[in-house]
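Here are the chains, one letter per residue:
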Amino acid sequence: MSTLAAQPLAASPALDPSAKISRKILVLGATSGIAEATCRVWAAQGAQLFLVARNAEKLAAVAADLKTRGAAYVGTAVADLDDTDRHPELLAHAVNSLTGMDVAYLAHGILGDQAKAEQDFEHAAQIIHTNFVAPVSLLTWLANFCVQRHAGVLAVISSVAGDRGRKSNYLYGASKAGLSAYLAGLRNRIDREGVTVLTIKPGPVKTAMTAQMKGSEKFADVSRVAATIVSAIDKRVDNLYVPFQWQPIMFVIRNIPDRIFKKLNL
């Protein structure tokens, strides 16, 4: 995939001259439950936001809500992020609209249907494309944009499911494992250029996407997860398990011997 040079920046959105300078944040997959909750935190801080999502009606509703919550600027673009051919044009437009970018937040992804993916390769390929191939395309452009400026945070939602394949969701887990490995290598390449790469690994979170899952009433509160993500971005950390208890849990799961693990129903 070719790397495009950063595009010239457009005129700045109109802001109150007395207002403090706010961060410029690009949100990809902005109508996901975690992304929407995170944007509410940023809106209350007066951030400038550019939101990208597929569903025009829901995107408009989210944008309107964020404006009422205090966002200094909210731009939007309706796009299918699985369409990698459109990424360079889309990202250049987003950055131009913000007149720069401090944070890119990638929340684009699907759970998919594990049982269907076991029988239907096309569905398996769709899970991998949405959760791994499309983010790599986006991050190729975004990483090079940030490297040219020696600044920026790339915050990407992966998953604890990528830490070890389990029979209940190994297609989703495989896609997230690939994404986490890619982010680790990208961090190793561009951290020295002044760019932070944050891998976010949530456990199950209570959102519309997980509402039908067994035990969803016990999942993590999305507002608390969002606040933790914002704090991690502010501190420019490298990896985040959220809620925090998933870090020791996954340490144990990763280290269960295969002779035992393969007999477990996980």
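Peer 1: Break down helix H7 (residues 222-235) for me, citing the residues and quoting the values.
Peer 2: A rise of 1.5 Å per residue sets the reference length of H7, with its 14 residues, at 20 Å; its end C-alpha atoms lie 20 Å apart and thus fit the reference within 8%. What H7 keeps buried is the set Val222, Val225, Ala226, Ile229, Val230, Ala232 and Ile233. For H7, the angular spread of the buried residues around the axis is 160°, confining them to a single face. Exposed residues on H7 whose side chains face more than 90 degrees from its buried face are Arg224 and Lys235. Its buried side turned inward, H7 meets helix H1 (33-44), strand S4 (103-106), strand S5 (153-157), strand S6 (196-202) and strand S7 (239-242). For H7, the N-terminal cap is aspartate 221; the gap from its side-chain oxygen to the backbone nitrogen of serine 223 is 3.2 Å. Immediately downstream of H7, the backbone of arginine 236 shows phi near 55°, a positive value.

Peer 1: Give me the lowdown on a nonpolar patch on the surface, citing residues and values where you can.
Peer 2: On the surface, Ile260, Leu264 and Leu266 cluster together into a nonpolar patch covering about 210 Å² of accessible area. Residue position: leucine 264 is located in the segment after helix H9 (258-261). Note on leucine 264: relative accessible area 33%, which makes it partly exposed.

Peer 1: Give a detailed account of the packing of helix H5 (residues 121-149) against helix H6 (residues 170-190), specifying residues and quantitative values.
Peer 2: Describing two packed helices takes the angle between their axes plus the distance from one axis to the other. Interhelical geometry of H5 versus H6 gives an angle of 15° and a closest axis separation of 8 Å. By the criterion of interaxial angle, the relationship of H5 to H6 is roughly parallel. Our pair here, H5 against H6, has a crossing hand that is right-handed. Along the contact surface, H5 presents Ala124, Ile127, Ile128, Asn131, Phe132, Pro135, Val136, Leu139, Thr140, Ala143, Asn144 and Val147, while H6 presents Leu171, Tyr172, Ser175, Lys176, Gly178, Leu179, Tyr182, Leu183, Leu186, Arg189 and Ile190. For the contact of H5 with H6, the residue count by class is 16 nonpolar, five polar and two charged.

Reading guide: rules and limits
- Residues numbered from 1 in each chain as written.
- Predicted model: local features only at pLDDT ≥ 70, side-chain atom pairs only at ≥ 80, totals over all residues.
- Heavy atoms only, no water.
- Helix = DSSP H or I, 4+ residues; strand = E, 2+ residues; numbered from the N terminus.
- Expected span 1.5 Å × (residues − 1).
- Buried < 20%, exposed > 50% of the residue type's maximum accessible area, 1.4 Å probe, protein only.
- Arc of directions from axis to C-beta.
- Contact = heavy atoms within 4.5 Å.
- Polar contact = N/O pair within 3.5 Å; in protein donor to acceptor, adjacent residues only side chain to side chain.
- Patch = residues over 30% accessible without salt bridge, like charges linked within 9 Å, V, L, I, M, F, W, Y side chains within 5 Å.
- Areas by Shrake-Rupley, 256 points an atom, 1.4 Å probe, with all protein chains shown as cover.
- Salt bridge = Lys/Arg side-chain N within 4 Å of Asp/Glu carboxyl O.
- Axes fitted to C-alpha atoms, helices over the stretch in contact; angles between N-to-C directions.
- Parallel < 35°, antiparallel > 145°, perpendicular 65-115°, else oblique.
- Left-handed = near helix turned anticlockwise from the far one by under 90°.
- Nonpolar A, V, L, I, M, F, W, Y, C, P; charged D, E, K, R; others polar.

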